[in-house]
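# Remarks on the overall topology
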Amino acid sequence: MSHGPRSGLAAVSSALLAMSRHLEVRDVLKTIVASARELLDAEHAALGVPDDHGGFAQFVVDGVSEEQWKAIGPLPRQHGILAAMLHEARAERLADVRKDPRFEGWPKAHPDLVDFLGLPIRDGDEVIGALFLANKLRPEAGHAPCPDPDGGCGFTQDDEELLGILAQHAAIALTNARLYERSRELTIAEERSRLAHELHDAVSQKLFSLRLTAQAAARLVDRDPSRAKGELQQVAVLAAEAADELRAAVVELRPAALDEDGLVATLRTQIQVLDRAHSARVTFAGHGVKALPASQEEALLRVAQEALHNALRHSGADHVDVTLDRRGGGAVLRVTDDGSGFDTRAVRHAGRHLGLVSMRDRASGAGGTLTVESVPGKGTVIEMEVPGG
C-alpha cells in the first residue's frame, strides 16, 4: 500500500503520534484532518463534530484556503451523505459524490468534489464525528485530482481500511482531548469557587469591622472628638485592607487564556469565534505587540470584549474591525464598526447603556486612556492605549 513518499507503518505511526501530541480539542481535530489528507493523498479533507440541533458544533477542513472557507459561508447542516454517515454509522466510498441520490449540492464558493471517502468516528456506540476525504490525487500525474473516477483511480478498499484505522485512533485522541478540557474547566471552576469563598470571608470580615468602627466614630464625634478621629483613622486602614483583598482576588482571576496563549492569540481566537457566530464580518490584526504587564493585557482584553459585544449586539454593524498595534513601549487597541453609532454628547445615557463607564475605569485602572468617537448613522471607534511596562 503506497501513498506517495510517506507510506506504510511509518506514515501511520507519524499520524498517530501527531494526534497524541495535542490536548486541545481544536488542535486534535486539525491534526486528524491534516494527517488523513496527507496519508491518503486527497485534495480535500474535513471532520465534523455534530451538535444536538442538526448542525455541527465544530467543523475543520484541510485543503481549503481561509479566504475560500470564509466565502463558503455558515457551517454545513447534517444532511445528505454527512447525515447518513452520522445516523447510520457506516462508511461511504463513492466514485462521484455528485451522482449519489442523497447529494444536495453545495454553496457557490465550495470546491468541486468528485470521488469521496467518508467514515464515522465512533466512541463505543456513540458517533462523535464524521471524517471524510475527496478528490484522490495521483502522484504519477504530479498530484493532480483523478479526472475519471470510473476509470479506477479513485479511493480504494485499502484506503478505506487505512482511514478506518485512523478513525479508531482519532476517536481515542478526541475523547482524551475532551476529557482534558473538561478536567481543566472543572479545575478552573473549583479554583474560582475557592477564591470566591476566600474573598467573601476575608472581605466580609473587613467590611464588618469597618462598619462597626464607623458606627463607633459616629457616636463619639460629639462627646469625644479625639477618640472619634482615632476611629476614623482605623476606618481608613480597614478600607485599604479590603481594597487590597479585592485587588489580590482580581489578579488571581486573570483569564487563563492570557497566561497560556498571550494577548494577541487570545484576541485572535475569540474574534474568529465571533466571526463564525455572527452575520457581521469580524476581523483582527495585530502588529508588533510585545508582552505587556498583566493588568494592561487583561484591561485590553476586557475592553475589546465589551466593545465587540456592543458592536455585535446593539449597533447593527455589518463589519467590525479590531486592531492591536505597538505604540512606543505600549500598545493601542482600536475597535471600529460601521453600525448605527450614537451621540457622544449624551454621555450619561450612552455610557450606562454601552458600558463606556466600565471601559474607561478599566483603561484608567491599567494606567491607560480610552477615547470614543461616534456619530449617529456613521459607526463607532473605541480606542484604548496603554503605556507598557
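Summing up its helical and strand segments, the chain has 11 helices and 11 strands in all. Going through the 389 residues of the chain one by one, you find that 40% of them count as buried.

One way to put it is that helix α8 (residues 263-277) packs onto helix α9 (residues 294-313) with a least axis distance of 11 Å and a crossing angle of 15 degrees. Relative to α9, α8 is oriented roughly parallel. In this structure, α8 crosses over α9, and the sense of that crossing is right-handed. Contact residues: Leu263, Thr266, Leu267, Gln270, Ile271 and Leu274 in α8; Glu297, Leu300, Leu301, Ala304, Gln305, Leu308 and Leu312 in α9. Residues belonging to the contact of α8 with α9 are distributed by class as follows: 9 nonpolar, 3 polar and 1 charged.

With that settled, consider the pattern of salt bridges. Tallied over the full model, the rule gives 15 salt bridges. Between arginine 102 and glutamate 92 there is a salt bridge, with the nearest N and O atoms lying 2.9 Å from each other. Taken as a pair, arginine 102 in the loop between β3 (92-94) and β4 (116-123) and glutamate 92 in strand β3 lie far apart in primary sequence, 10 residues in all. Exposure remark for arginine 102: the relative accessible area of 24% places this residue in the partly exposed category.

Moving on: the side chain of aspartate 100. Mapped onto the secondary structure, aspartate 100 falls in the loop between β3 and β4. Aspartate 100 sits in the buried class, given a relative accessible area of 12%. Among the polar contacts made by the side chain of aspartate 100, one reaches the main-chain amide nitrogen of arginine 102 at a distance of 2.8 Å. Leave out the neighbours within four places in its chain, and aspartate 100 touches Ile81 and Leu94.

Below, the discussion takes up the sheet that holds strand β8 (residues 319-327). Pairing in this open sheet of 5 strands is mixed, and the strands run β7-β8-β9-β11-β10 from one edge to the other. Either end of the sheet is taken by a strand with one partner, and the two such strands are β7 (281-287) and β10 (369-374). Pairs of neighbouring strands in the sheet enclose a mean axial angle of 10 degrees, with direction left out of account. Across 7 bridges, β7 lies against β8 in parallel orientation. Bridge assignment links arginine 281 to a residue of β8, and that residue is histidine 319.

Right, let's get into the environment of lysine 108. Inspection of the secondary structure assignment puts lysine 108 in the loop between β3 and β4. Placed 37 residues apart in sequence, lysine 108 and alanine 71 show a C-alpha to C-alpha distance of 8.6 Å.

Here we take up unusual backbone geometry. Positive phi, normally seen in glycine, also occurs at aspartate 41, with a value near 50 degrees. Looking at where aspartate 41 falls in the secondary structure, it is placed in the loop between α2 (25-39) and β1 (42-50). For aspartate 41, a relative accessible area of 9% translates into the label buried. Located in the positive-phi region is alanine 89, a residue other than glycine, with phi close to 50 degrees. Residue placement: alanine 89 occurs in the loop between α4 (80-88) and β3.

Right, let's talk about the confidence of the model for the chain for a bit. The predicted model of the chain averages 80 in pLDDT, with 78% of residues at 70 or higher. Every residue in residues 348-353 is under pLDDT 50, and counting partners more than four places away or in other chains gives 8 contacts.

All right, on to the side chain of serine 374 then. With respect to the helices and strands, the residue serine 374 is situated in strand β10. Owing to a relative accessible area of 9%, serine 374 belongs among the buried residues under this scheme. A polar contact of 2.9 Å, which involves the side chain of serine 374, links it to the backbone nitrogen of phenylalanine 342. Only 3.1 Å separates the side chain of serine 374 from the backbone oxygen of glycine 379, close enough to count as a polar contact. Beyond its immediate stretch of four places on either side in the chain, serine 374 contacts Gly341, Phe342, Thr344, Gly379 and Thr380.

What follows concerns α4. Of all 9 residues making up α4, 7 are buried, and the element is well covered by its neighbours. Those residues of α4 that are buried lie in contact with β1, β2 (56-62), β3, β4 and β5 (126-138). Downstream of α4 by a residue or two, alanine 89 has a phi angle that is positive, lying close to 50 degrees.

Cut-off values and rules
Residues numbered from 1 in each chain as written. Predicted model: local features only at pLDDT ≥ 70, side-chain atom pairs only at ≥ 80, totals over all residues. Heavy atoms only, no water. Helix = DSSP H or I, 4+ residues; strand = E, 2+ residues; numbered from the N terminus. Buried < 20%, exposed > 50% of the residue type's maximum accessible area, 1.4 Å probe, protein only. Axes fitted to C-alpha atoms, helices over the stretch in contact; angles between N-to-C directions. Parallel < 35°, antiparallel > 145°, perpendicular 65-115°, else oblique. Left-handed = near helix turned anticlockwise from the far one by under 90°. Contact = heavy atoms within 4.5 Å. Nonpolar A, V, L, I, M, F, W, Y, C, P; charged D, E, K, R; others polar. Salt bridge = Lys/Arg side-chain N within 4 Å of Asp/Glu carboxyl O. Polar contact = N/O pair within 3.5 Å; in protein donor to acceptor, adjacent residues only side chain to side chain. Pairing = 2+ DSSP bridges. pLDDT = per-residue confidence, 0-100.

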